[in-house]
Amino acid sequence: MVKFGVNQSVDRVEDHRLITGNGQYTDDITLENQAFGYMLRSPVAHGKILSVDLEEAKQAPGVIDIITGGELEADDANELPCMIPIKNRDGSGRADPGHPVLATNEVKYVGDNIAFIIAETLSQAKDAAELINVDFEEKDAVVDTATAAGAGQPQVHADAPNNTVFDWEQGSETEVNDIFSAATHVTSVDLINNRVIVNSMEPRGLIADWDNTAEKMTVHMGTQGGWVLKSLLAGKILHIPEDNLRVITPDVGGAFGMKLFFYSECAVTVWASRKIGRPIKWMGERSDAFLSDTQGRDHATTAELAFDADHNILGMRVKTHANLGAYLSTFGPMIPTMAAVKVLPGVYDIPALHYHVVGVFTNTVPVDAYRGAGRPEAIYVIERLMDVAAMELGLEPEEIRRRNFIPVEAIPYKTATGCVYDSGEFERVMDKALENSNWSDFETRRAQSEANGKIRGKGMCFYIEATAGNPTETATIRFEDNDIVTLAVGTQSSGQGHSTAYAQVLAERLGVPFENIRIIQGDTDKIKAGGGTGGSRSLTTQGPAIHAASDEVIDKGMQLAGHFLEAAVADIEFSAEDGGTFSIAGTDRKIGILEMAQRARGLGQLPEGLEEGLDSEASFTVEAFTYPNGCHIAEVEVDPLTGAIDVVRYIIVDDFGTIVNPALVRHQVIGGVGQGIGQALTENTVYADDGQLLTGSFMDYGMPRADDIPLDLLYETIEVPCTMNPMGVKGCGEAGCIAAPPAIINATIEALKDRGISHIDMPATPLKVWNLLQQAS
């Protein structure tokens with residue numbers, strides 16, 4: 001085993017720099033002659049703009065310019081494109097009413113962008129914004145997901161009748177309806193998947209810097225990968241060649257999907273920098289985040305399972321209304337449709353499925369991917385259905401799952417949605433979770449809780465995830481002076497620990513000292529292409545690309561070793577375990593990889609067939625998604641006097657295939673569990689009927705806190721290698737927030753079932769639980 005190689009809990013190399021204040025985030029960057037931007041947002045959810053008076057604001061101290069939508073429209077730069085085409089059930093295309101960078105005629109939600117003020121200081125820009133007078137003709141708003149497409153609702157866009165974005169389906173409705181008609185038992189449940197606000201620790205922000213001499217734009221911005229933004233900014237806003245735009249991503253303080261997308265503030269800051277010929281910084285504040293960051297989830301669903309007489313699933317039928325907000329975000333339509341459906345059957349042998357989604361516009365902040373991106377919503381549906389079916393059929397939760405698991409001998413298994421699960425031992429994973437949780441002795445713990453005046457319940461979730469995103473990634477390895485090896489990657493860390501994991505992969509493959517490796521990321525000039533980070537894709541694509549580039553290094557090294565050691569290439573051996581050495585088989589003659597790299601640099605004339613140096617680049621394209629999966633078990637205590645819920649135990653058994661760094665994986669999962677606890681118990685985005693956001697600050701929005709995470713948390717993995725990439729790895733970044741919500745809600749309902757409560761929607765707040773207890777009694 002190579003020191004600091006794969007499957008070792010190596011300490012994160014990033015941490016010392018970050019926790020000692022030596023990180024560099026977007027707001028830490030200041031450029032010479034930098035101006036500041038501030039966005040004037042709509043205070044009303046729906047209204048016609050009658051007039052915008054800028055005159056007094058333009059004369060305010062320090063004001064450089066004020067940009068409006070009319071200016072951008074004149075330059076064909078006032079559109080934020082949605083990149084997801086999608087077909088309706090009748091074959092027609094989805095609604096496409098457009099998404100202006102700055103509103104010109106109407107505002108569609110509280111926080112909609114009206115004008116961009118540029119001044120010498122941020123305070124001056126804010127003061128000038130107070131002087132802008134906007135006259136609105138207010139209109140009625142629509143905010144409710146389930147009823148937005150109904151008759152008589154206010155219309156968000158005139159060219160999207162019934163507020164319908166799309167009417168999409170997968171599967172045969174007729175076939176599934178026939179299966180349900182013949183079923184012995186049908187389980188049905190109505191579910192709300194509550195809207196959540198991302199609230200990354202670092203708000204969004206950027207600095208745009210136009211170089212008039214070079215006719216080049218440089219953007220410093222916290223992203224999840226700058227290549228999509230580079231293309232959109234160059235093509236849709238500045239209308240310049242892509243090579244004339246550079247995106248540099250510094251340290252990123254959390255992203256969770258939200259920093260993938262193309263926002264108004266980004267577009268207008270870049271456009272305005274070229275107009276005034278100066279760098280401009282826009283940094284969002286927490287209030288901006290609540291009003292303008294894309295939000296997540298927000299589904300209203302009716303779901304059904306059909307069973308035969310032996311309690312085997314025959315079919316699944318799901319209809320969802322998915323809230324897309326006031327405008328279509330960059331990837332918004334994909335999340336409740338193509339992303340969600342991939343894992344909607346879960347880990348169960350479901351022969352037939354029909355999934356029907358109606359996407360709706362409302363006068364709310366746009367909705368797009370949030371950690372898990374459609375998969376948490378799908379797993380919540382199937383795992384709640386399984387528990388409801390178990391209660392109706394008189395089965396234990398583990399028994400109904402065991403009866404319907406996809407058996408090991410059926411894998412690779414093609415699901416009713418067309419996905420092929422290449423690996424997985426679901427029953428083994430569940431049995432280990434049951435063992436670790438001491439499931440069989442739960443009644444003893446329930447009695448202890450009852451003695452303390454609490455109601456205890458247990459619940460499980462067996463999730464499966466399909467990793468997503470660009471299937472191709474590239475790695476570039478360069479041997480620098482002083483024995484430093486740089487590895488350029490196309491993914492982007494926002495706290496995951498990529499610099500540690502990728503260095504481990506490279507050290508394992510080449511035997512290069514771990515401490516000599518430097519990871520380069522986040523610069524579209526230095527790295528010509530990249531898929532960024534999202535959908536738990538990073539290690540599943542970047543890791544094999546590092547392997548491929550390493551193999552090229554080894555191939556070059558074998559040739560050069562033959563030259564330096566004066567031996568036939570067929571007699572050369574390479575050993576990573578021996579510190580990365582090339583040697584002549586059966587002798588003690590050898591040369592280390594770092595020495596060779598130095599000697600091979602600048603050799604001049606080389607024999608035919610030899611290349612100078614060891615630097616190499618290679619790409620890898622995954623053949624299919626990976627399918628991480630696992631069983632999470634939660635135990636909760638409910639206080640019947642207050643309705644408060646405590647998650648008192650949480651047991652995790654996950655299958656992520658081959659694991660590079662167990663500690664990184666554990667921390668990723670537990671962080672995700674924390675977010676899942678938040679959605680299940682505390683977080684809820686509430687809009688008033690007039691479209692005002694009532695949960696617009698941490699005073700009103702219930703973020704999960706440290707004491708919401710149980711101290712009694714057990715974590716274990718079972719490695720069932722993926723067969724779709726050479727490393728056998730599966731993604732791990734979203735597992736926790738996929739599994740935690742259904743596990744916790746299932747546990748809550750199990751606790752309350754003897755009180756006559758069989759359903760509760762997220763978030764299970766104390767008030768909601770207390771009211772249910774009062775009604776039941």
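For the structure, see preceding data.
Residues numbered from 1 in each chain as written. Predicted model: local features only at pLDDT ≥ 70, side-chain atom pairs only at ≥ 80, totals over all residues. Heavy atoms only, no water.

1. Digging into the pairing of strand S28 (residues 712-717)
Stage number 1. Both strand S27 (residues 645-655) and S28 contribute to a ladder of six bridges, which runs parallel. Of the residues in S28, the one forming a bridge with Val 653 is Glu 716. (Pairing = 2+ DSSP bridges. Helix = DSSP H or I, 4+ residues; strand = E, 2+ residues; numbered from the N terminus.)

2. Topic: the sheet that holds strand S8 (residues 185-193)
Backbone-to-backbone hydrogen bonds pair the strands of a sheet. The strands run either parallel or antiparallel.
Stage number 1. Taken together, the five strands give an open sheet; going across it, the order is S7-S15-S14-S13-S8, and neighbouring strands pair in mixed fashion. The open sheet is flanked by strand S7 (164-170) and S8, the only strands paired with a single partner. Looking at each pair of strands side by side, their axes are set apart by 10° on average, direction ignored.
Stage number 2. In this sheet, strand S14 (residues 313-325) lies alongside strand S13 (residues 299-307) in antiparallel orientation, the contact comprising nine bridges. Paired with Leu 305 across the two strands is Met 316, which belongs to S14.
Stage number 3. Sheet strands in contact with helix H10 (residues 375-393) are S8, S13 and S14, and its direction is about 140° off that of S8. (Axes fitted to C-alpha atoms, helices over the stretch in contact; angles between N-to-C directions. Contact = heavy atoms within 4.5 Å.)

3. What about empty space enclosed by the protein?
Stage number 1. Overall, the coordinates contain five cavities of 30 Å³ or more when judged by the stated rule.
Stage number 2. Space inside the largest cavity adds up to approximately 100 Å³.
Stage number 3. Around the largest cavity, the lining is made up of 14 residues, and of these His 99, Tyr 109, Tyr 263, Ser 264 and Ser 292 lie nearest the centre.
Stage number 4. Broken down by class, the residue content of the lining of the largest cavity amounts to five nonpolar, six polar and three charged.
Stage number 5. Estimated volume of the second largest cavity: approximately 80 Å³.
Stage number 6. Those elements that place two or more of their residues in the lining of the second largest cavity are S8, S13 and H10.
Stage number 7. Sort the elements by how many residues they give to the lining of the second largest cavity and H10 lands first, with four residues. (1 Å grid on protein atoms, 1.4 Å probe; cavity = no way out; pocket = protein on both sides within 12 Å on 5 of 7 lines; lining within 4 Å. Points joined across faces, edges and corners; volume = space filled by probe spheres on them. Nonpolar A, V, L, I, M, F, W, Y, C, P; charged D, E, K, R; others polar.)

4. Observations concerning the nonpolar core
Stage number 1. Grouped together as the largest cluster of nonpolar side chains are 129 residues, with contacts concentrated most on Met 316, Tyr 650 and Ile 744.
Stage number 2. When neighbours within four sequence positions are excluded, Tyr 650 is seen to be in contact with His 632, Ile 633, Ala 634, Val 673, Pro 710, Asp 712, Leu 713, Leu 714, Ala 739, Ala 740, Ala 743 and Ile 744.
Stage number 3. Counting 47 residues, the second largest nonpolar core, distinct from the first, contains Val 6, Ile 554, Met 596 and Leu 664. (Core = buried A, V, L, I, M, F, W, Y, C linked by side-chain atoms within 4.5 Å. Buried < 20%, exposed > 50% of the residue type's maximum accessible area, 1.4 Å probe, protein only.)

5. Some thoughts on the packing of aromatic side chains
Stage number 1. In total, this model carries eleven aromatic pairs according to the counting rule given.
Stage number 2. For the pair Tyr 348 and Phe 405, a centre-to-centre distance of 5.9 Å together with 5° between the ring planes defines the contact as stacked. One end of the pair, Tyr 348, is in the loop between helix H9 (335-341) and strand S15 (352-361); the other, Phe 405, is in the loop between helix H11 (397-404) and strand S16 (413-414), and 57 residues separate them in sequence. Across this residue pair, the class does not change: Tyr 348 and Phe 405 are buried.
Stage number 3. The rings of Tyr 348, Phe 405, Phe 426 and Phe 462 are connected pair by pair, giving a single aromatic cluster.
Stage number 4. Stacked on the ring of Trp 439, the Lys or Arg Lys 458 has its end atom at 4.7 Å from the ring centre. (Phe/Tyr/Trp six-rings, centres within 6.5 Å; stacked < 30°, edge-to-face > 60°. Lys NZ or Arg CZ within 6 Å of the ring centre and 35° of its normal.)

6. Some details on the environment of Lys 432
Stage number 1. Following the sequence through the fold, Lys 432 ends up in helix H12 (residues 426-437).
Stage number 2. Residue Lys 432 is classed as partly exposed on the basis of its relative accessible area of 22%.
Stage number 3. Setting aside residues no more than four positions away along its own chain, Lys 432 makes contact with Val 653, Glu 716 and Ile 718.

7. Let's talk about the environment of Cys 419
Stage number 1. With respect to the helices and strands, the residue Cys 419 is situated in the loop between S16 and strand S17 (420-421).
Stage number 2. According to the relative accessible area criterion, Cys 419 is buried, its value standing at 9%.
Stage number 3. For the pair formed by Cys 419 and Asp 754, sequence separation is 335 residues and the distance between their alpha carbons is 39 Å.
Stage number 4. Once residues within four sequence positions are removed from consideration, Cys 419 is found in contact with Lys 342, Tyr 413, Lys 414 and Tyr 627.

8. What about the layout of surface pockets?
Stage number 1. Taken as a whole, the second largest pocket spans an internal volume of roughly 290 Å³.
Stage number 2. Surrounding the second largest pocket, 17 residues form its lining, Val 143, Asp 144, Thr 145, Asp 298 and Thr 685 being those nearest its centre.
Stage number 3. The set of elements that each furnish at least two residues to the lining of the second largest pocket consists of S8 and S13.
Stage number 4. Here the residues of the lining of the second largest pocket are counted per class, giving six nonpolar, eight polar and three charged.

9. Considerations on the environment of Leu 434
Stage number 1. The residue Leu 434 is located in helix H12 in this model.
Stage number 2. For Leu 434, a relative accessible area of 12% translates into the label buried.
Stage number 3. Between the C-alpha atom of Leu 434 and that of Val 653, which follows or precedes it by 219 residues, the distance is 9.4 Å.
Stage number 4. In contact with Leu 434, not counting residues within four places along its chain, are Glu 398, Arg 402, Trp 439, Met 460 and Ile 633.

10. Points about helix H15 (residues 538-564)
For an α-helix, the turn length of 3.6 residues means that residues three or four places apart are oriented alike.
Stage number 1. Counted at 1.5 Å a residue, the expected span for H15 with its 27 residues is 39 Å, and the 37 Å between its end C-alpha atoms agrees.
Stage number 2. Counting buried positions along H15 gives 20 out of 27 residues, so the element sits mostly inside the fold. (Expected span 1.5 Å × (residues − 1).)

11. Here we look at the sheet that holds strand S22 (residues 572-575)
Stage number 1. Spatial ordering of the open sheet is given by S22-S23-S24, a layout of three strands whose pairing is antiparallel. Edge positions in the sheet fall to S22 and strand S24 (590-592), since each of these pairs with one other strand and no more. Neighbour-to-neighbour, the strand axes of this sheet turn through a mean angle of 20°, independent of strand direction.
Stage number 2. Where S22 lies against strand S23 (residues 581-584), four bridges are found, and the strand directions are antiparallel. In the strand pairing of S23, Ser 575 is matched with Thr 581.
Stage number 3. Against the sheet, H15 contacts S22, S23 and S24, and its axis sits at roughly 130° relative to S22.

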